[in-house]
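A look at the structure
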Amino acid sequence: ETHHLHWEVSYMFASPDCQEKLVMAINGQFPGPTIHAKAGDTVVVELKNSLPTEGVVIHWHGIKQIGTPWADGTALISQCPIKPDETFVYKFQADKAGTYFYHGHYGMQRAAGLYGLLIVDVKEGEKEKIKYDGEINMLLSDWYHQDIYTQMVGLSSKPFRWIGEPQSLLINGGGQFNCSLATNQGINKCNMENMQCAPMVLQVLPNKTYRLRIISTTSLSSLNLAIGNHKMTIVEADGNYVDPFTVDDMDIYSGESYSALITTDQHVSSNHWISVGVRGRQPKTPPALAILSYLNNNSQYQLELPKATPPITPLWNDYAHSKSFSYKILAAKDTPKPPKRADRLIQLLNTQNKIDGFIKWSLNNVSMVLPPTPYLGSLRYSLKGAFDQKKPRDWFGANYNVMKPPINPNTTTGSNLYEIKFNSTVDIILQNANALAENVSEIHPWHLHGHDFWVLGYGEGLFRKKDVSRFNLKNAPLRNTAVIFPYGWTAIRFVADNPGVWAFHCHIEPHLHMGMGVILAEGIELVKEIPKDAISCGKTAKMLMNNHG
Ligand SMILES: O=C1O[C@H]([C@@H](O)CO)C(O)=C1O
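Residues numbered from 1 in each chain as written. Predicted model: local features only at pLDDT ≥ 70, side-chain atom pairs only at ≥ 80, totals over all residues. Heavy atoms only, no water.

**What to know about the confidence of the model for the protein chain**
With 96% of its residues at a pLDDT of 70 or more, the protein chain shows a mean pLDDT of 95. Overall fold confidence (pTM) sits at 0.97, and the ipTM for the predicted complex is 0.98. (pLDDT = per-residue confidence, 0-100.)

This is how it looks when you write it as C-alpha cells:
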C-alpha cells in the first residue's frame, strides 16, 4: 500500500502550555499529523515549505531508508534544505513494524515544534506478537518560550548563553506552564477552565490491556514516566521487540521510543495520574501530567482530578535508578544476534571544549560542522573541495583523564566524516568524560541514522580493550538510540550494509548544534541516481547546471 500525503510546513501562533508563541506546524497542526502505515508500505510525503524565509527538512526517525538515502531528511548531509515555497517529495518504505516519529533536522527546528508520530503496524496478514486490546500514544517533548533563533544565536555567542531548562513538558503537544494540577505541588493551581491546558485524558476500559507507545522528542530533557497504581511491562524499544520486563516507572531519553503494556486492573470507575518528570539535570520544570480515566458504570469517563498525589519522579541524579532501567533492556528471543567480532573499533571521546572562548562539544577533539554541499551528493559524484578532507581519528589517545575537566580544552572544527567499508562490522565506544566545569558529566543519548545497532554493554570510567570480553553477544538489544551515562561508556555494534551517508549524533538539540556528532559514509558507489531536488544546492547544483548547460 502507498500512503500519499500532502504536507505544508508553516509557522502559526499556538499556546501549547497556555503561553502563546510561534510554533512550527504541519497543515496547521501541532504536533504534526500521525502517519499510520504497515510494514512494507510506501510512504510518500510531498512536503511544501511555507516558512517565510528559511529552509526545512524532515527526518523519519528509525526508518532505515534502504535504497533511499536521499530521503533521510538531514539538511546538508542527505539533502539540500527545501527552500521557501518549494516542495520536496519524500518517498520511502516503512521497513519494519514499530513506534517511530519524524522531526525537523535543520538548525534547531525540532525544538520549534516540527515533529509528529509515525506508527508502523505489522505486515498485512501477519499477526502482532504482542497481545493487547487498545493503543494509546504519548509523544513527549519539552517546551521553551524563547524562540529557536534566540537559542541558536545564544549558543554560538561569546559569552555563551545556555538555553537553560525548558519552561514546560508537553504530552501530545499540551502541557501546563508555571502551575500544577497536582495537589501536592508548591506552585499555583492550574486553571482547569482553559481547555487547551487541561491535562490530556486517556480513556480506558476496565480489565483490558493497553499498548502505550511512548516517544521522546525533547530538545534537552531526559524524562521519567510513571502511572499511579499501574505497572508497565516494556515490550518494544525503538521498533524492536525486547524481552518483556515490568517496572513501576521508566526512563526515556530524547530520540527513544518504547511500548509499555498496562493492565487496567483498578476499580472500574477510577482515575489515575500519569506523571512525566525531568532526569539527569537539576529540574526547574514542573512535571507533565495526564489522567488515565476508566469508563465507569454509567458509561462515562471520570473527568475529575485523581485523588491520590501523582507519582514522583526519582531524584534527578539517581543514576543508579536510570542504569538499572537501561540494563534491563535485552533483546526478545527472535532478535538477530550481532556478528561475533567487529572489523573496526572506533572510540569516540565526548568532550565539552572551547574555540576562542566559544563553547563546543567535540568527538576526539573535533567539533562537527556541516558543509554547504550535502555529503550524499558530493561523495556520490566525487566533487573536489566540497568539505574539509581531514580524516577524523578512531581513537583519542591513552592519556586522557575522563574524570577531570580537559587539561587543554581547545578544540577545532571539522567534518568528522568517517568512511566505513561497505558490509563491514563496526564497534563504536561512546566514551563520556567530565565537561568543562569540575564534577559535571552529563547524559547524552546518541542516535544513529540508517541502521539499528546492538547495544553490547555499558561501563564506568574509561573503556579498556579488555572490556571487549564483557560484551553481550547473547541477547544484546537492537536500538537506534543509546544513552551514555555520566563518566561512563556505551558500546554499540552495527553492520555497514546500507549505502548512504548517515549522521550519528547526540540527540540533544543544543548539543548537536554545538558540534556533537559524526558522519558515517558507506557503500557510496552503490547509491543509485539521487533525485535532483535533493542536490540542487552548492557544488552539486553547479554540477547539474554544467551537465545540462
Ligand atoms: O552544553 C551545555 O552547556 C551548559 C553548561 O555546561 C555550560 O553553561 C550545559 O548545561 C550543557 O549541557
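**Some words on the layout of surface pockets**
In this structure, the largest pocket occupies an estimated 470 Å³ of space. When residues of the lining of the largest pocket are traced back to their parent elements, those giving at least two are β7 (98-104), β22 (366-368), β31 (500-506) and α4 (509-513). No other element matches α4, which puts three residues into the lining of the largest pocket. Of the residues assigned to the lining of the largest pocket, the class counts are 10 nonpolar, 10 polar and three charged. Volume-wise, the second largest pocket comes out at about 400 Å³. For the lining of the second largest pocket, a count of residues per class yields seven nonpolar, three polar and seven charged. (1 Å grid on protein atoms, 1.4 Å probe; cavity = no way out; pocket = protein on both sides within 12 Å on 5 of 7 lines; lining within 4 Å. Points joined across faces, edges and corners; volume = space filled by probe spheres on them. Helix = DSSP H or I, 4+ residues; strand = E, 2+ residues; numbered from the N terminus. Nonpolar A, V, L, I, M, F, W, Y, C, P; charged D, E, K, R; others polar.)

**Description of the site of the ligand**
For the ligand, the full set of nearby residues is Phe160, Trp162, Arg281, Gln352, Trp361, Glu442, His511 and Met514. The contact in question runs from an oxygen atom of the ligand to an N or O atom on the side chain of His511, over 2.7 Å. The protein chains hide 76% of the 310 Å² of surface that the ligand would expose on its own. Per-class residue counts for the shell around the ligand are four nonpolar, two polar and two charged. (Near = heavy atom within 4 Å. Polar contact = N/O pair within 3.5 Å; in protein donor to acceptor, adjacent residues only side chain to side chain. Areas by Shrake-Rupley, 256 points an atom, 1.4 Å probe, with all protein chains shown as cover.)

**A word on the UniProt feature "domain: Plastocyanin-like" (unreviewed entry) in the protein chain**
Listed under "domain: Plastocyanin-like" (unreviewed entry) in the UniProt record, and renumbered for this structure, are residues 9-123, 138-296 and 403-522. Counted over residues 9-123, helix gives 0% and strand 43%. Its end C-alpha atoms are 30 Å apart. Between the C-alpha atoms that bound residues 403-522 there is a distance of 34 Å. The span itself is 4% helix and 45% strand. (UniProt positions renumbered as here; feature names shortened; annotations may be inferred.)

**Remarks on the sheet that holds strand β14 (residues 232-237)**
Strand order in the open sheet formed by six strands is β10-β9-β12-β17-β14-β15, with mixed pairing between adjacent strands. With one partner strand each, in any of the chains shown, β10 (168-171) and β15 (240-247) form the two edges of the open sheet. Mean inter-strand twist for the sheet, computed between neighbouring axes without regard to direction, equals 25°. Pairing geometry for strand β9 (residues 134-143) and β10, over four bridges, is antiparallel. Bridge pairing links Asp142 to Leu169 in β10. (Pairing = 2+ DSSP bridges. Axes fitted to C-alpha atoms, helices over the stretch in contact; angles between N-to-C directions.)

**Some words on the pattern of salt bridges**
Evaluated as defined, the whole model comprises 22 salt bridges. A cluster of three or more residues bridged by salt bridges with shared partners is formed by Lys64, Asp95, Lys96 and Asp452. (Salt bridge = Lys/Arg side-chain N within 4 Å of Asp/Glu carboxyl O.)

**Some words on the side chain of His3**
Within the secondary structure, His3 sits in strand β1 (residues 2-14). Once residues lying within four places of it in the same chain are set aside, the contact partners of His3 are His36, Ala37, Lys38, Asp41, Thr42, Val43 and Val44. (Contact = heavy atoms within 4.5 Å.)

**Here we look at the nonpolar core**
If you look at the biggest cluster of nonpolar residues, it comprises 92 residues, and the most contacted ones within it are Trp60, Tyr90 and Phe504. Discounting residues that sit within four places of it in the chain, Phe504 has contacts with Leu348, Ile428, Leu430, Trp446, His447, Leu448, Ile492, Gly517, Val518 and Leu520. Membership of the second largest hydrophobic core comes to 33 residues, among which are Met138, Val204, Tyr210 and Phe325. (Core = buried A, V, L, I, M, F, W, Y, C linked by side-chain atoms within 4.5 Å. Buried < 20%, exposed > 50% of the residue type's maximum accessible area, 1.4 Å probe, protein only.)

**With respect to empty space enclosed by the protein**
For the structure on display, the rule yields six cavities of 30 Å³ or more. By volume, the largest cavity amounts to about 60 Å³. Taken together, Ala97, Gly98, Val120, Asp121, Val122, Glu128, Arg211, Arg213, Glu236, Gly239, Asn240 and Tyr241 make up the lining of the largest cavity. If you list the elements that add at least two residues to the lining of the largest cavity, you get β8 (115-121), β12 (209-216) and β15. Its residues assigned to classes, the lining of the largest cavity comprises four nonpolar, three polar and five charged.

**Concerning the sheet that holds strand β6 (residues 87-93)**
An order of β2-β1-β4-β6 is seen for the four strands of this open sheet, with the pairing classed as mixed. At either end of the open sheet lies a strand with only one pairing partner, and these are β2 (21-26) and β6. Averaged over all pairs of adjacent strands, the angle between their axes in this sheet comes to 20°, without regard to strand direction. One ladder, built from eight bridges, connects β1 with strand β4 (residues 42-49); its direction is parallel. For Trp7, the partnering residue across the bridge sits in β4 and is Leu47.

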